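Residue-level listing of the chains:
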Amino acid sequence: MADDSTVPKRAGVVIVGVVPGQSPRVLRAAARQAALAGTDLVVAHVDTTRFVAFEDPDGYVSPSTVDVAGAAAAAALSDVQAAADSALADAQVSWTVRQVIGDPALALIHLADELDASLLVVGTRKRGLGESLREFLTGSVAARLTHRQRRPVLVVPLGEPLAPDEDLVWE
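Residues numbered from 1 in each chain as written. Predicted model: local features only at pLDDT ≥ 70, side-chain atom pairs only at ≥ 80, totals over all residues. Heavy atoms only, no water.

> Which residues make up the overall build of the protein, and what values do they have?
In terms of regular secondary structure, the protein is built from five helices and seven strands. Classification of the 171 residues of the protein by burial places 38% in the buried group. Within the protein, contacts between residues separated by at least 24 positions form 75% of all contacts whose residues are at least 6 apart in sequence. Total accessible area on the protein stands at roughly 9700 Å², and carbon and sulfur atoms take up 56% of it. (Helix = DSSP H or I, 4+ residues; strand = E, 2+ residues; numbered from the N terminus. Buried < 20%, exposed > 50% of the residue type's maximum accessible area, 1.4 Å probe, protein only. Contact = heavy atoms within 4.5 Å. Areas by Shrake-Rupley, 256 points an atom, 1.4 Å probe, with all protein chains shown as cover.)

Okay, here's the thing in structure tokens:
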């Protein structure tokens, strides 16, 4: 069902933010939500190596990049496409893959506004000191999504949850 050359224009799409190497659990949860809502799924990868330099009134985005050749962005998009092909092979929804650029939360919000999305789906980060430090410095994408736009956000947990008596790394 994948066709990355077009993006659904139908209102109410479900958007799932995906990073290379992420658990297929996030894609499957998003596909279930789209199927329940009777709408399409947009699999979105945010290329953080590029950022919006300016946006024309017609919506055309002029990017700047720190990845001059674009190799990292192309590889990441290819990984996300392959993961979607595998995880959504039996999905009962129409889906597309789209790459957007910039800050992950802001790029997903912009895409959701553009497509009039009904729901945003993201996964949690992997556990570990490095990920906790990165989240402390840049903020959680899920938390930023819940505070900066009006749509519901489904956060799909990855891995095993902490036990009630386990300390969070940043506490």
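> Just give me the short version of the sheet that holds strand β7 (residues 153-156), but keep the residues and values in it.
Spatially, β5-β2-β1-β6-β7 is the arrangement adopted by the five strands of the open sheet, whose pairing is parallel. Two strands in the sheet have a free side with no partner beyond their single neighbour: β5 (95-101) and β7. Averaged over all pairs of adjacent strands, the angle between strand axes in this sheet comes to 25°, irrespective of strand direction. The sheet contact formed by strand β1 (residues 14-17) and strand β2 (residues 41-47) spans four bridges and is parallel. Pairing of Ile15 across the sheet is with Val42, part of β2. The strands that helix α1 (residues 24-37) touches are β1, β2, β6 (119-123) and β7; relative to β1, the one it contacts most, it runs at about 175°. (Pairing = 2+ DSSP bridges. Axes fitted to C-alpha atoms, helices over the stretch in contact; angles between N-to-C directions.)

> Describe the confidence of the model for the protein, with residues and values.
Predicted confidence across the protein gives a mean pLDDT of 80, with 69% of residues reaching 70 or more. Confidence, expressed as mean pLDDT per element, reaches its minimum in the protein at helix α4 (residues 129-138) with 44 and its maximum at β1 with 97. Confidence drops under a pLDDT of 50 for residues 128-138, and excluding neighbours within four residues, the segment shows 11 contacts in the predicted structure. (pLDDT = per-residue confidence, 0-100.)

> Lay out the nonpolar core with the relevant residues and their values.
Core analysis: the biggest nonpolar cluster contains 23 residues, and Val16, Leu27, Leu41, Val43, Leu88 and Val121 have the highest contact counts within it. Looking at this core, the elements that each hand over two or more residues are β1, α1, β2, α2 (71-87), β5 and β6. The element that contributes the greatest number of residues to this core is α1, accounting for six residues. Among residues more than four places away in sequence, those in contact with Val43 are Val16, Val18, Leu27, Val80, Ala84, Leu88, Trp95, Thr96, Val97 and Arg98. One finds Ile15, Ala105, Ala112 and Val122 within the second-largest nonpolar core, a separate group that totals 19 residues. (Core = buried A, V, L, I, M, F, W, Y, C linked by side-chain atoms within 4.5 Å.)

> A description of the side chain of Gln22 should follow, citing residues and the corresponding values.
Along the chain, Gln22 falls in the loop between β1 and α1. What makes Gln22 buried here is its relative accessible area of 17%. Sequence-distant contacts of Gln22, defined by excluding residues within four places in its chain, comprise Gly17, Gly123 and Leu158.

> Lay out the packing of helix α3 (residues 104-115) against helix α5 (residues 141-148) with the relevant residues and their values.
Remark: α3 packs on α5, axes separated minimally by 9 Å, with the N-to-C direction vectors making an angle of 45°. It follows that α3 is oblique to α5 by the angle criterion. Note on packing geometry: the crossing formed by α3 with α5 is right-handed. For the pair α3 and α5, contact is made by Pro104, Ala105, Leu106, Leu108 and Ile109 and by Val141, Arg144, Leu145 and Arg148, respectively. Here the residues of the contact of α3 with α5 sort into seven nonpolar, no polar and two charged. (Parallel < 35°, antiparallel > 145°, perpendicular 65-115°, else oblique. Left-handed = near helix turned anticlockwise from the far one by under 90°. Nonpolar A, V, L, I, M, F, W, Y, C, P; charged D, E, K, R; others polar.)

> Break down the packing of α1 against α2 for me, with residues and values.
Following both chains from N to C, one finds α1 and α2 inclined at 60°, their axes separated by 10 Å at the closest point. The orientation of α1 relative to α2 falls into the category oblique. Remark: the crossing between α1 and α2 carries right-handed chirality. On α2, the residues touching Pro24, Leu27 and Arg28 of α1 are Ala83, Ala84 and Ala87.

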